[in-house]
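Structure at a glance
Read off the chains here:
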Amino acid sequence: MERNDERSFSIFFDHYHTRLIRLAMLFVPRFDQAEEVVAEVFLKLLRKKESLTTIRNFEGYLFKMVKHEALNYVKNNKKQNSGNVLFDDIQDNLLIDQNDPEKK
């Protein structure tokens with residue numbers, strides 16, 4: 001990232017994006033909100049990329065950023081987060097397999 005290389009950022013993004021979305025989903029109720037949180041974290045990283053080289057545990061720093069951003073998101077959007085869950089946010093492994101009698 002410090003080289004201003006699009007390919008480097010793309011590799012970085014691909015490596016962390018899914019993991020960060022999963023982490024954000026622990027704090028926000030909907031997938032689209034988790035995407036907003038992670039996008040905001042990536043923007044913050046890009047804004048201060050020069051100072052990132054001094055961080056010793058970058059992965060820990062990154063995960064803490066997502067956690068704090070998600071908690072701030074929940075705090076700032078309390079009224080909008082009425083607990084509604086979009087159907088697309090339900091993970092497939094949480095749905096009962098109707099073809100398996102043992103799972104019924």
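That block above? That's the structure.
Treat the numbers as computed from the prediction; the structure is a model and nothing was measured. (Residues numbered from 1 in each chain as written. Predicted model: local features only at pLDDT ≥ 70, side-chain atom pairs only at ≥ 80, totals over all residues. Heavy atoms only, no water.)

Attention now goes to helix α2 (residues 31–47). In this model α2 runs 25 Å from its N-terminal to its C-terminal C-alpha over 17 residues, within 8% of the 24 Å that 1.5 Å per residue would give. Inspection of α2 places Gln33, Ala34, Val37, Val38, Val41, Phe42 and Leu45 among the buried residues, and these make up the whole buried set. On the buried face of α2, the contacting elements are α1 (6–25) and α3 (58–76). (Helix = DSSP H or I, 4+ residues; strand = E, 2+ residues; numbered from the N terminus. Expected span 1.5 Å × (residues − 1). Buried < 20%, exposed > 50% of the residue type's maximum accessible area, 1.4 Å probe, protein only. Contact = heavy atoms within 4.5 Å.)

Note on placement: glutamate 69 falls in helix α3. Its relative accessible area of 15% is what places glutamate 69 among the buried residues. Discounting chain neighbours no more than four positions away, the residues touching glutamate 69 are Val37, Glu40, Val41 and Lys44.

In this section: the packing of aromatic side chains. By the definition in use, this model includes 6 aromatic pairs. Here the aromatic rings of phenylalanine 12 and phenylalanine 42 are separated by 5.7 Å at their centres, their planes lie at 85 degrees, and the arrangement is edge-to-face. With phenylalanine 12 in helix α1 and phenylalanine 42 in helix α2, the pair connects residues that are 30 residues apart, well separated along the chain. Note on phenylalanine 42: relative accessible area 5%, which makes it buried. Consider the rings of phenylalanine 13 and phenylalanine 42, whose centres lie 5.0 Å apart with planes at 40 degrees: the pair is tilted. Placement of phenylalanine 13 in helix α1 and of phenylalanine 42 in helix α2 is noted, with a sequence separation of 29 residues between them. Members of the aromatic cluster, each reached through a chain of ring pairs, are Phe12, Phe13, Tyr16, Phe42, Phe58 and Phe63. (Phe/Tyr/Trp six-rings, centres within 6.5 Å; stacked < 30°, edge-to-face > 60°.)

So, on to the packing of α2 against α3. Between two packed helices, both the angle of their axes relative to each other and the distance between the axes serve to describe the pair. It is the contact of α2 with α3, at a shortest axis distance of 9 Å, that shows an interaxial angle of 130 degrees. The orientation of α2 relative to α3 falls into the category oblique. As α2 packs across α3, the resulting crossing turns out to be right-handed. Of the residues in α3, those touching α2 at Gln33, Glu36, Val37, Glu40, Val41, Lys44 and Leu45 are Phe58, Tyr61, Leu62, Met65, Val66, Glu69, Ala70 and Tyr73. Here the contact of α2 with α3 is composed, by residue class, of 10 nonpolar, 1 polar and 4 charged. (Axes fitted to C-alpha atoms, helices over the stretch in contact; angles between N-to-C directions. Parallel < 35°, antiparallel > 145°, perpendicular 65-115°, else oblique. Left-handed = near helix turned anticlockwise from the far one by under 90°. Nonpolar A, V, L, I, M, F, W, Y, C, P; charged D, E, K, R; others polar.)

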